[in-house]
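Below, each chain spelled out in residue letters.
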Amino acid sequence: MLVCLGASHRTATFELLERLATGLENAVAPAAARGRVTLATCNRYELYLDVDDATDPASLLEDVADAAGVDVEELRHGMRVITGSRVSAHLFAVASGLDSMVFGEREITGQVRRALADAQRTRTATPPLERLFQGATATSREVRAISGISEGGQSIVQLALDLASNRVGDWRSARVLVIGSGSHARALCGALVERGVPSMTAWSPSGRTLPHPAVRMVADADLNRELGAADLIITSTNGQALTTTRLALARGTTAGTTLVVDLGMPANVDPAVAELPGVELLDLPTIGLHAPVPELQASARAHDLVESAAGAFEASAAAGPVITELRQHVMRLLDSELARMQARPGTSSETAEATERALRHFAGVLVHGPTTRAHTLAAEGRLEEVVAAVETLFGLRVGEPANDAAEDDDAARLASARQARSATA
């Protein structure tokens, strides 16, 4: 069975989240677990475990507490134990941005996808966990395409920059230093450019390059100079990257004001930095105080879609093959039509891309209803009716291999058309 041990900004302090992230970074899964996927973000730390049905889920907290060096009673207050069908409902909501500090957060979907990829790379992901996380990613796409929450969805990066705007003033003349080279740092660079920052410097503790045309990487020997010159320092890396002593030495007798934004988990900046003259610290707990209340903005449609998807996931063992056949049939037809459209002379790149987005959105909406209905009927023991209907209406044979050659031909034509369009763009 699948179990989620979840701590987030809703249940735990940021201090506890930091200790979990640090203490469990290299820890093995609880002994009772066959597999594990770890979802660690700036405002949550969750373990998704595949365990034997006879396992007492509550006992897993003791293993986690020992591994993280946390008192088990403190952990029981800050970490939820989720079992049964609620595991999929919870993860699907998380992946869709419905359980984030900022409702509709867009970055969480990529973090869920990377969590599974990391588990697959370390061979800790079992097939049930893979299906769970793949279902969460698919659900997040569907929720954003149909519910419209992506139109207003923010991210922690955007919220942090909104809060920094009052201190920065004119972004076009701001001297910005980014510390880090991961996904948040890359998102930061793009968001800063959108706000008018023409160029910025960056330093990576790991030595990795931050690929962005507006970024100039800083060598270790030049870091103190950049720290002293920056109006805005934003950190998003692993572990502490900025101490009070280092910043004090770098600033020297500088009379100007420096805003330090810490987006790291664990925290990248020594909290005592805020006590330095002319320095203001904006960290995750502070950002969290300014986050919109999710319940006030929640889209009923989005929550309904998540509940529907979670229910469908629970019935997927029975309904999976017929739904997969139907979806693949629709996608094959779609790819075939796109290949024909994009191969026509005179089709501009903008027109082709806009048409493809619209048709893929339409295909998702078109399949959503039958998918939900099929899973509902399967859960009611009426799977044979679903199979008969799909085979009769679409001429499919559920369980038989698809025409791979034809599908490969469509994919090849579509890829060729895209390459030709790129070459002429």
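In case you missed it, the structure is sitting above this.
Residues numbered from 1 in each chain as written. Predicted model: local features only at pLDDT ≥ 70, side-chain atom pairs only at ≥ 80, totals over all residues. Heavy atoms only, no water.

A. Molecular detail of the packing of aromatic side chains. What the rule picks out here adds up to one aromatic pair. Residues tyrosine 48 and phenylalanine 133 carry aromatic rings whose centres are separated by 5.2 Å and whose planes lie at 85° to one another, so their mutual orientation is edge-to-face. With tyrosine 48 in strand S3 (residues 44-51) and phenylalanine 133 in helix H6 (residues 127-147), this pair connects stretches of sequence that are 85 residues apart. Judged on exposure class, the residue tyrosine 48 and its partner phenylalanine 133 are both buried. Over the face of the ring belonging to tryptophan 203 we find arginine 246, whose NZ or CZ atom lies 5.8 Å from the ring centre. (Phe/Tyr/Trp six-rings, centres within 6.5 Å; stacked < 30°, edge-to-face > 60°. Helix = DSSP H or I, 4+ residues; strand = E, 2+ residues; numbered from the N terminus. Buried < 20%, exposed > 50% of the residue type's maximum accessible area, 1.4 Å probe, protein only. Lys NZ or Arg CZ within 6 Å of the ring centre and 35° of its normal.)

B. Inspection of the nonpolar core at higher detail. By size, the foremost hydrophobic cluster in this structure holds 55 residues, and its most contacted members are Leu5, Leu20, Val178, Leu192, Met200 and Leu263. Here this core takes seven residues from helix H7 (residues 156-168), the largest share from any one element. Aside from chain neighbours lying at most four places away, what touches leucine 192 is Leu161, Trp171, Val176, Val178, Val197, Met200, Leu232 and Ile234. By size, the runner-up hydrophobic cluster in this structure holds 31 residues, among which are Leu2, Val87, Ile108 and Val143. (Core = buried A, V, L, I, M, F, W, Y, C linked by side-chain atoms within 4.5 Å. Contact = heavy atoms within 4.5 Å.)

C. Highlighting the pairing of strand S1 (residues 2-8). Of all the seven residues making up S1, seven are buried; the element is thus mostly covered by neighbouring parts of the structure. Alternating positions in S1 separate into two faces, Leu2, Cys4, Gly6 and Ser8 on one and Val3, Leu5 and Ala7 on the other, with burial throughout. Bridge analysis of S1 against S3 gives seven bridges, and the strand direction is antiparallel. If you follow alanine 7 over to S3, its bridge partner there is tyrosine 45. (Pairing = 2+ DSSP bridges.)

D. Local environment of the layout of surface pockets. Taken as a whole, the largest pocket holds about 1,300 Å³ of empty space. Every element with two or more residues in the lining of the largest pocket is listed here: helix H1 (14-23), strand S2 (33-41), S3, helix H5 (107-121) and helix H8 (183-194). Element by element, the count of residues in the lining of the largest pocket is highest for H5, at six residues. Considering only residue class, the lining of the largest pocket consists of 13 nonpolar, 17 polar and eight charged. A volume near 930 Å³ is recorded for the second largest pocket. Along its surface, the second largest pocket is lined by 32 residues, and Ala138, Thr139, Glu142, Arg327 and Thr371 are the ones closest to its centre. Mapped onto the lining of the second largest pocket, the elements with two or more residues apiece are H6, helix H13 (300-314), helix H14 (316-343) and helix H15 (349-379). Element by element, the count of residues in the lining of the second largest pocket is highest for H15, at ten residues. Taken together, the residues of the lining of the second largest pocket sort by class into 13 nonpolar, 14 polar and five charged. (1 Å grid on protein atoms, 1.4 Å probe; cavity = no way out; pocket = protein on both sides within 12 Å on 5 of 7 lines; lining within 4 Å. Points joined across faces, edges and corners; volume = space filled by probe spheres on them. Nonpolar A, V, L, I, M, F, W, Y, C, P; charged D, E, K, R; others polar.)

E. Local environment of the environment of alanine 241. The topology assignment puts alanine 241 in the loop between strand S8 (232-235) and helix H10 (244-251). A sequence separation of 21 residues divides alanine 241 from aspartate 262, and the C-alpha atoms of the two residues are 9.9 Å apart.

F. The packing of H1 against helix H2 (residues 60-68), seen in detail. Closest axis-to-axis distance for the H1/H2 pair is 8 Å, and the angle between their directions is 80°. Classed by the angle they form, the pair H1 and H2 counts as roughly perpendicular. Taken together, the residues of H2 that come into contact with H1 (itself represented by Arg19, Leu20 and Gly23) are Val64, Ala67 and Ala68. By residue class, the composition of the contact of H1 with H2 is four nonpolar, one polar and one charged. (Axes fitted to C-alpha atoms, helices over the stretch in contact; angles between N-to-C directions. Parallel < 35°, antiparallel > 145°, perpendicular 65-115°, else oblique.)

So far we have only geometry, and geometry alone does not tell us how the molecule works.
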